Amino acid sequence: MQDLVQRIYGTGSRFHIGDIGWELASVPPERQAGWRIALWNDGDQDVAWGWTEGNGLLLVVDPARAEVAGEVLDWFREVVGPGQRVTSVLESETHLIDAIEKAGFTVENGRPYYTHHNISLDKLGTPVVPAGFTLRHVGADEVEKRAAVHRAAWSDVAPSKMTAEAMAAVMSTWPYRPELDWVVENSAGVFVASALIWLDEQHRAGLVEPVGCAPEYRRLGLGQAVNLGALHALKELGGVEARVCPRGDDGYPIPAKLYQSIGFRPGLRTVNYVAEGN
Ligand SMILES: CC(C)(COP(=O)(O)OP(=O)(O)OC[C@H]1O[C@@H](n2cnc3c(N)ncnc32)[C@H](O)[C@@H]1OP(=O)(O)O)[C@@H](O)C(=O)NCCC(=O)NCCS
């Protein structure tokens, strides 16, 4: 799945290899049990994949093999059965939009969507943390603390299911590297903010996913600092640009404000589709 995403990567493509690494590894086994994943190959080349959970589909199709999109959608209908089906694309993925509309889907407004945000690494601000805090990348052995800061940051939205086991899976997933996994530590040695970047060396492009700050430490500039720390590390490792994909709708606006405050600029957005019946 990552091979195909990397092969077709560009400004107009929805996913970065880091999206797939994070989504595959960070989810607890009981949720993974509900996934169905299928790949389409031509010889030794992957040309498409589909990934369903519940009645939803994520799909990636090589734009040069657009005709395969219809097969992925047929597979999705067979796996999910009759009833409502939902999917989404990046607005630039016209090869998918044609097939999705041909399969009877229509645009569904009003559901959450995501807006790609992009930054070039040539003029990054300097990360600053308040007195008493330390900014650094994690060590490969700090799995428990790394899982704990993720849980803390995400538990005011809904209880986070992140475990040390799931974080260990993330930290052993290609192309994770601890040098790009940044944290802010308080004076007691507790991690209170984090930002993970995944580097696609072939495209010299980073993906920031995920970012978080524990609720009691918010609005101190730690989110900015931990992102900038990770972005500078990305540049040192050869990256030239980075992407992050926060919600673009009004229902969850704060992360986009954080990223824009450090220089990310909004680009392409995702679009939701729905189909009913057979
Ligand atoms: C998003 C998040 C990481 C921000 O962390 P933070 O440490 O509070 O962010 P900072 O203090 O560095 O804020 C930087 C800028 O972001 C914007 N911002 C942050 N919180 C904001 C809020 N509650 N309201 C409006 N703007 C806000 C502001 O522009 C702020 O700059 P300012 O304080 O000078 O006005 C934090 O709210 C969080 O962990 N949320 C839950 C997890 C999450 O949604 N992660 C992002 C997923 S894409």
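No experiment lies behind these values; they were computed from the predicted model shown.

### Brief notes about the overall build of the chain
Phase 1 of the analysis: Secondary structure assignment for the chain yields 9 helices and 12 strands.
Phase 2 of the analysis: Rg of the C-alpha trace for the chain: 19 Å, near the compact-globule value of 19 Å for 278 residues, within the 12% margin.
Phase 3 of the analysis: Overall size of the chain, expressed as C-alpha extent along the three principal axes, is 60 × 35 × 35 Å.
Phase 4 of the analysis: Here the chain, with 278 residues, has 48% of them falling under the buried criterion.
Phase 5 of the analysis: Counted over contacts in the chain with a minimum sequence separation of 6, partners at least 24 positions apart contribute 71%.
Phase 6 of the analysis: Of the roughly 12800 Å² that the chain leaves accessible, carbon and sulfur atoms contribute 50%.
Phase 7 of the analysis: In the chain, which carries 25 positive and 36 negative side-chain charges, the distance between the mean positions of the two groups comes to 5 Å.

### As for the domain arrangement of the chain
Phase 1 of the analysis: Per the domain assignment, the segments of the chain are domain 1 (2-115 + 271-275) and domain 2 (117-267).
Phase 2 of the analysis: Distance between the C-alpha centres of domain 1 and domain 2: 26 Å.
Phase 3 of the analysis: Residue-level contacts link 23 residues of domain 1 with 30 residues of domain 2.
Phase 4 of the analysis: Carbon and sulfur atoms supply 60% of the area buried between domain 1 and domain 2, which totals about 2300 Å² over both sides.

### Points about the site of the ligand
Phase 1 of the analysis: Around the ligand, a shell composed of 19 residues is seen, among which Cys213, Arg219, Gly223, Gln224 and Tyr252 lie nearest.
Phase 2 of the analysis: The backbone of Val211 places a nitrogen or oxygen atom 2.9 Å from a nitrogen atom of the ligand.
Phase 3 of the analysis: Contact between the ligand and Gly223: an oxygen atom at 2.8 Å from a main-chain N or O atom of the residue.
Phase 4 of the analysis: Contact with the protein chains removes 78% of the 930 Å² of surface that the ligand exposes when unbound.
Phase 5 of the analysis: Of all the elements in the fold, those that place two or more residues in the shell around the ligand are helix H6 (143-154), strand E10 (205-213), helix H8 (222-236) and helix H9 (254-261).
Phase 6 of the analysis: Among the elements that line the shell around the ligand, the one with the most residues is H9, at 6 residues.
Phase 7 of the analysis: Partitioning the shell around the ligand into residue classes produces 11 nonpolar, 5 polar and 3 charged.

### A look at H6
Phase 1 of the analysis: If you check H6, its first and last C-alpha atoms are 17 Å apart, about what 12 residues at 1.5 Å a residue would give, namely 16 Å.
Phase 2 of the analysis: Listed as buried for H6 are Val143, Arg146, Ala147, Val149, His150 and Ala153. Summarising the axial view, the buried residues of H6 lie within an arc of 160 degrees, below the 170-degree limit, and thus occupy one face.
Phase 3 of the analysis: Among the structural elements, helix H2 (17-25), helix H7 (164-171), strand E8 (181-185), strand E9 (191-200) and E10 are those in contact with the buried residues of H6.

### Quick word on the pairing of strand E2 (residues 45-53)
Side-chain direction in a regular strand flips from residue to residue, so the side chains alternate between the two faces of the sheet.
Phase 1 of the analysis: Counting buried positions over the 9 residues of E2 gives 7, a clear majority of the element.
Phase 2 of the analysis: Pairing of strand E1 (residues 35-42) with E2 involves 8 bridges; the strand directions are antiparallel. Paired with Trp40 across the two strands is Ala48, which belongs to E2.
Phase 3 of the analysis: In textbook terms, the turn of a hairpin is the stretch between consecutive antiparallel strands, and for E1 and E2 this stretch comprises 2 residues, one of which, Gly43, has a positive phi near 65 degrees.
Phase 4 of the analysis: Here 6 bridges tie E2 to strand E3 (residues 56-61), and the two strands are oriented antiparallel to one another. Looking at E3, one finds that Gly50 is bridged to Leu59.
Phase 5 of the analysis: Linking E2 to E3, which pair antiparallel, is a turn of 2 residues; within it Gly54 sits at a positive phi near 60 degrees.

Analysis parameters
Residues numbered from 1 in each chain as written. Predicted model: local features only at pLDDT ≥ 70, side-chain atom pairs only at ≥ 80, totals over all residues. Heavy atoms only, no water. Helix = DSSP H or I, 4+ residues; strand = E, 2+ residues; numbered from the N terminus. Rg over C-alpha atoms; globule rule 2.2 N^0.38 Å. Buried < 20%, exposed > 50% of the residue type's maximum accessible area, 1.4 Å probe, protein only. Contact = heavy atoms within 4.5 Å. Areas by Shrake-Rupley, 256 points an atom, 1.4 Å probe, with all protein chains shown as cover. Lys, Arg positive; Asp, Glu negative; His and termini not counted. Charge placed at Lys NZ, Arg CZ, Asp CG, Glu CD. Domains from an automatic or database assignment. Buried area = accessible area lost by both parts, 1.4 Å probe. Near = heavy atom within 4 Å. Polar contact = N/O pair within 3.5 Å; in protein donor to acceptor, adjacent residues only side chain to side chain. Nonpolar A, V, L, I, M, F, W, Y, C, P; charged D, E, K, R; others polar. Expected span 1.5 Å × (residues − 1). Arc of directions from axis to C-beta. Pairing = 2+ DSSP bridges.

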